[in-house]
Amino acid sequence: MADYYVGLMSGTSMDALDAVLVDFATTPPTLVDGYHLELGSALRHEIMGLCAPGDNEIERLSTLDVQLGRLSAEAVRQLLAQNGVAAAAIKGIGSHGQTVRHSPASAIPYTLQIGDPNTIAQLSGIATVADFRRRDMAAGGQGAPLVPAFHQTQFHSPNKNRVILNIGGIANITILPAATSQPVSGFDTGPGNMLMDGWSQLHQNRPYDENGNWARSGKVVPELLNTLLADAYLSLPPPKSTGRERYNLPWLQTQLPGQLLPQDVQATLCEQTATTIASAILQYAPTTEEIYLCGGGACNGYLLERIAAHLGGRHLATTAELGVDPQWVEAMAFAWLARQTLRHLPGNLPAVTGAREAVILGGIYPATPR
Ligand SMILES: Nc1ncnc2c1ncn2[C@@H]1O[C@H](COP(=O)(O)OP(=O)(O)O)[C@@H](O)[C@H]1O
Ligand SMILES: [Mg+2]
């Protein structure tokens, strides 16, 4: 009998809401199908507007919260319809929500994801788990990354030291030593696609640089690269996590040494992402033998080439080689996290987030019995 859960993810790129149907009756769990609901530029603009202080935030936030809840329920509806699966067959939805603030290092740490889970549970008729990050933070953690525990269940190898590398707006790694006596670890390495996306939107009017072709056409500017690599976040020891508060276009403008060709800036941003990822792996997981990529950055051929160039001969492939389409891995993790919560099991790894203990994550919004 199937053990179905739905995972919903919308990351810092704000490109789309990803919805996946996962069957946990198999080992490892099976990704049945996925559905992409594009957010569109108007909605992305509104969300982006809430990521920095502005006017009338409470009303804008509250409205967007419900709108994103409705969109989430719609993504679930489409996903289930396209698979002929009834809502009653789903044990739970794990909804990450859309991060509008993530501030783990402030005096009073906080993080905020929106996409009203009341609305999701009500419209879908399925128990919904949401707000996963704040419980980890309440236990003294960064609230991020939360995907490593899932990466461990899905991708651990008893023979090879692996790293799972997720390149979304921000890039994060999960270090999976073959020996189970060694702890799983992981952290946000720094920017993934976020600055490249922003620069591409500004100069090419395209939300991202297809396959990294524009970056490939430019030349790395050493002075800019050195400035970007001197950024203080990069040398912080883990646990650590970051977001759009730190890496954004206004910040990038302050880093530019003067007038540069836009394609040269793009090439340098791509090199920044590749270098920071590779340095993190070489510093914290030097015995890594295999690196598996997921997230939208796995579609950026030029970025992959640059990462490979820094990682000297280690096996580098996408998670497709391990049987999971790279674009759905993060959403799948939230289906897994919801299942943990509904079974009263913890979802965070204290060694990763820095929390004092493993805790049951999120709030449960039950379905109404019909
Ligand atoms: N064909 C492609 N070429 C280059 N980059 C791509 C491509 N497809 C997706 N991406 C990148 O992946 C991003 C979306 O990745 P995703 O894993 O959804 O990130 P997030 O979790 O931050 O939403 C896009 O914003 C873009 O930067
Ligand atoms: Mg996305």
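What counts, and where the lines are drawn
Residues numbered from 1 in each chain as written. Chains lettered and ligands numbered in written order. Predicted model: local features only at pLDDT ≥ 70, side-chain atom pairs only at ≥ 80, totals over all residues. Heavy atoms only, no water. Pairing = 2+ DSSP bridges. Helix = DSSP H or I, 4+ residues; strand = E, 2+ residues; numbered from the N terminus. Axes fitted to C-alpha atoms, helices over the stretch in contact; angles between N-to-C directions. Domains from an automatic or database assignment. Buried area = accessible area lost by both parts, 1.4 Å probe. Salt bridge = Lys/Arg side-chain N within 4 Å of Asp/Glu carboxyl O. Polar contact = N/O pair within 3.5 Å; in protein donor to acceptor, adjacent residues only side chain to side chain. Nonpolar A, V, L, I, M, F, W, Y, C, P; charged D, E, K, R; others polar.

Visitor: Got a minute to help me understand the sheet that holds strand β9 (residues 185-191) in this structure?
Guide: Neighbouring strands of a sheet are bound in pairs by backbone hydrogen bonds; such pairs are parallel or else antiparallel. The strand order across the open sheet built from 5 strands is β9-β8-β7-β10-β11, with neighbouring strands paired in mixed fashion. The open sheet is flanked by β9 and β11 (315-318), the only strands paired with a single partner. The average angle at which neighbouring strand axes cross in this sheet is 20°, direction not considered. In the sheet, strand β8 (residues 170-176) pairs with β9 via 6 bridges, with the strands oriented antiparallel. The residue of β9 that forms the bridge with Thr 174 is Gly 186.

Visitor: I tried to follow the domain arrangement of the chain on my own but got confused; where do I start?
Guide: How big an interface is tends to be reported as the loss of accessible area on association of its parts. Along its sequence, the chain is carved into domain 1 (4-140 + 334-365) and domain 2 (148-326). Once you take the C-alpha centre of each, domain 1 and domain 2 turn out to be 23 Å apart. Surface buried jointly by domain 1 and domain 2 totals about 1600 Å² across both partners, of which 60% is contributed by carbon and sulfur atoms. On the domain 1 side of the contact with domain 2, Thr 12, Trp 336 and Val 352 bury the most area, a combined 33% of that side's loss. Taken together, the links from domain 1 to domain 2 amount to 0 salt bridges. Summed over the shared surface of domain 1 and domain 2, the number is 7 residue pairs in polar contact (both at pLDDT 80 or more). Broken down by secondary-structure element, the contributors of at least two residues to the side of domain 1 that touches domain 2 are α1 (40-50), β4 (90-103) and α14 (350-353). Within the side of domain 1 that touches domain 2, the residues separate by chemical class into 12 nonpolar, 6 polar and 2 charged.

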